[in-house]
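Descriptive analysis of the structure
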2 protein chains.
Amino acid sequence: MTRIIGIDPGSRHTGYGIIDAQRGRAQLLVAGRISTAAGEMPQRLLQISRELAALIAEYQPEEAAVEQVFVNKNVQSALVLGQARGVAICALAAADLSVAEYTPSSVKQALTGSGRADKLQVQQMVKILLKLQDPLAVDASDALAIALTHAQSRSTVAAVNLASLGVGKRRRSGLRWSRA
Amino acid sequence: MTRIIGIDPGSRHTGYGIIDAQRGRAQLLVAGRISTAAGEMPQRLLQISRELAALIAEYQPEEAAVEQVFVNKNVQSALVLGQARGVAICALAAADLSVAEYTPSSVKQALTGSGRADKLQVQQMVKILLKLQDPLAVDASDALAIALTHAQSRSTVAAVNLASLGVGKRRRSGLRWSRA
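Analysis parameters
- Residues numbered from 1 in each chain as written.
- Chains lettered and ligands numbered in written order.
- Predicted model: local features only at pLDDT ≥ 70, side-chain atom pairs only at ≥ 80, totals over all residues.
- Heavy atoms only, no water.
- Helix = DSSP H or I, 4+ residues; strand = E, 2+ residues; numbered from the N terminus.
- Buried < 20%, exposed > 50% of the residue type's maximum accessible area, 1.4 Å probe, protein only.
- Contact = heavy atoms within 4.5 Å.
- Buried area = accessible area lost by both parts, 1.4 Å probe.
- Salt bridge = Lys/Arg side-chain N within 4 Å of Asp/Glu carboxyl O.
- Polar contact = N/O pair within 3.5 Å; in protein donor to acceptor, adjacent residues only side chain to side chain.
- Pairing = 2+ DSSP bridges.
- Axes fitted to C-alpha atoms, helices over the stretch in contact; angles between N-to-C directions.

1. Side note on the overall build of chain A
Along its length, chain A carries five helices and five strands. The helix and strand sequence of chain A, counted from the amino end, reads β-β-β-α-β-α-β-α-α-α. Classification of the 180 residues of chain A by burial places 51% in the buried group. Taking as baseline every contact in chain A between residues at least 6 positions apart, the subset at least 24 positions apart corresponds to 61%.

2. So, the interface of chain B and chain A
In this complex, chain B contributes 28 residues to the contact, which on the side of chain A involves 28 residues. When chain B packs against chain A, the two sides together hide about 2,100 Å² of surface, and 72% of this comes from carbon and sulfur. Looking at the side of chain B facing chain A, the largest losses of area belong to Val-75, Leu-79 and Cys-90 of chain B, adding up to 24% of the total buried there. In this assembly, chain B and chain A are joined by zero salt bridges. Along the contact surface separating chain B from chain A lie four residue pairs in polar contact (both at pLDDT 80 or more).

3. A word on unusual backbone geometry
Residue and element names in this part refer to chain B. A positive phi is found at Gln-60, a non-glycine position, where the angle reads about 50°. Assignment of secondary structure puts Gln-60 in the loop between α1 (41-59) and β4 (63-67). Phi is positive for Asp-96, close to 65°, though the residue is something other than glycine. Assignment of secondary structure puts Asp-96 in the loop between α2 (75-94) and β5 (99-102).

4. What to know about the sheet that holds β4 of chain B
Residue and element names in this part refer to chain B. Pairing is mixed in the open sheet, where five strands are placed in the order β3-β2-β1-β4-β5. Across the chains shown, the open sheet's two edge strands, defined by having one partner strand only, are β3 (25-35) and β5. Adjacent strand axes in the sheet meet at a mean angle of 20°, parallel and antiparallel pairs treated alike. Sheet topology note: the strand β1 (residues 2-8)/β4 ladder contains four bridges and is parallel.

Pasting the structure below:
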């Protein structure tokens, strides 16, 4: 079993989700978001850093994953997103966690079997895979989708022993997941 | 007297400079750069965070200043710069330092008297104001320029008691500095 934390960083809301994963099965431990809409920027960054550190200390994840961002907005919003993302990744590295990165399309591919699935389908699959009854906040769901992608990626690698081919580059089907 | 740390964050090199400033005079304590050109991104961010924390612990600055960035490159480099900048600002906030931001033109204005001075003139003024003999690395010099701008700004505010007008918005002449 491997405990994985997924992070979806943002300047206003940073989603997080921690799962226990083993051979195509995954269980939710905790998910939510750190909201930093108010206050000055240095304090908001510090809040992301401290709350992630506290989460990591409490749940002791063994591996971490974040979404690889391809920003298509303006440079100023890329800078602002980068600041939050840097602080989040630094908090993971400070806890000695390796940080895997997955493109949005590889997350969609891993969860639904299609790299062009829409957000709603991905959210639905997160609920199904983790057997959740209640709806999740979007940021929390996105973070869990990244954690599930990492779980599937490392499980594939372990099973097929193809690590040398490069994790995250191959196409994978979401159907590998046990849904029962 | 006030001890000020200036930071010039970058994904490859983060410049820093710490000065003691008092009534238009300033003295260099330490300046240099944290080079993070090698290694994976999470480890590079962690290095910036840890080296800045160590510097702050050693020199105990009371105030901090960074340059306000207006990126004119592509969004991807803005994201990468933002990551380093976020980590640096978070390290300052974690040490309970208030973080002032200055535009590149206000730094030029503060040091040379002209908001359109070139980089070489600014570097020259850093050397003169701090009575340095040896040349400085560019990143270190840029960080000191930001620290000196903050020193001048707060000194002006203290002298004229015009804090309510908004620091950093008024024009200031670099000639206020005592050069002797």
